[in-house]
Amino acid sequence: MQRIRLRYTKRGRLRFTSHRDFQRAFERALRRAEVPMAYSAGFTPHPKVSYANAAPTGVGSEAEYLEIALTAHRDPEELRALLDESLPTGLDITDAVEARTSGLADRLTASIWELRLDGVTLDEAEKAVAAFLAADSVEVQRKTKNGLRTFDTRGAVAELRALAPGADRPLGEACAILRLVVRHVTPAVRPDDVLSGLHAVADLAPPVAAAVTRLAQGLFDEESGTVTDPLAPDREAAPAAPQTAAGTVSATAPEGPAAQGRPS
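How each quantity is defined
Residues numbered from 1 in each chain as written. Predicted model: local features only at pLDDT ≥ 70, side-chain atom pairs only at ≥ 80, totals over all residues. Heavy atoms only, no water. Helix = DSSP H or I, 4+ residues; strand = E, 2+ residues; numbered from the N terminus. Buried < 20%, exposed > 50% of the residue type's maximum accessible area, 1.4 Å probe, protein only. Contact = heavy atoms within 4.5 Å. Areas by Shrake-Rupley, 256 points an atom, 1.4 Å probe, with all protein chains shown as cover. Phe/Tyr/Trp six-rings, centres within 6.5 Å; stacked < 30°, edge-to-face > 60°.

**Q** Explain the overall build of the protein chain to me, and be specific about the residues and the numbers.
**A** Along its length, the protein chain carries 6 helices and 11 strands. Per-residue burial for the protein chain yields a buried fraction of 38% across its 264 residues. Restricting to contacts in the protein chain with at least 6 residues of sequence separation, those with at least 24 account for 75%. Of the accessible surface of the protein chain, which amounts to about 14800 Å², a share of 50% is contributed by carbon and sulfur atoms.

Following this line, the structure appears as structure tokens:
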């Protein structure tokens, strides 16, 4: 059985696709692309697809991950292209590697998020960020299926910065960008929880809903504060391509007329 790990996106209007909707769309894409899927046992077999830490509905993402199991070997890049063609624009398969290591989910320990706050000036955002980072804890409440839950958001935030918007900002309109690194903890701290925390400590209240995008997720390096590519260990574990005899000769042959069989 071959296992392939895929990275996919949720862009534009497709950010409103629920995880259940994506599952249905992806399984249809597997059938269209005629992928030789492995199936679970039992009365209702399902294709063996493992999803890892999906983003909430309404949130854009450049870094969602899943793993599929195949009954026949396929080239990862060819498979990526076939699946990408079979999915709607916005649900894009951007990377594929053969799984050569274990524990993909264990390598998703943090996410980098970007929040666009229309109607908020950069100065307002910077003051709110400073107040949030200065606090020892920032408790917020979220309604769950078990009722109202109170938890700390500050401990999960490894980095938080306020940035000026790009060139796509409408002229004359206030806008600020928040860039944050959030550790994956229990209970999970989401970008909207951080916004609630900013409101609690600095009364920051964007007049319109924030546009949220996950830029990356992976293993969090405590020393550097960076989030690493979770597919990198699989690439590094791939065996080196064998060198052909022609390639060896080409690489070591001397230059000049003698190399072409002509007398010097």
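The rest of the description comes next.
**Q** So, the packing of aromatic side chains: which residues are in play, and what are the values?
**A** Counted according to the given criterion, the structure contains 3 aromatic pairs. On the numbers, 4.1 Å between centres and 5° between planes, the contact of Tyr8 with Phe22 is stacked. Of this pair, Tyr8 sits in strand S1 (residues 2-10) while Phe22 sits in helix H1 (residues 19-32), and the two are 14 residues apart along the sequence. Given a relative accessible area of 3%, Phe22 falls into the buried group. Note on Phe22 and Phe26: the rings are 5.8 Å apart at their centroids and 20° apart in plane angle, and the pair reads as stacked.

**Q** Break down unusual backbone geometry for me, citing the residues and quoting the values.
**A** Pro187 follows Thr186 through a cis peptide bond whose omega is -5°. In this structure, Pro187 sits in the loop between strand S9 (175-183) and helix H4 (191-202). Residues other than glycine seldom take positive phi values, yet Glu34 does so here, at roughly 55°. Position of Glu34 among the secondary structure elements: in the loop between H1 and strand S2 (49-52).

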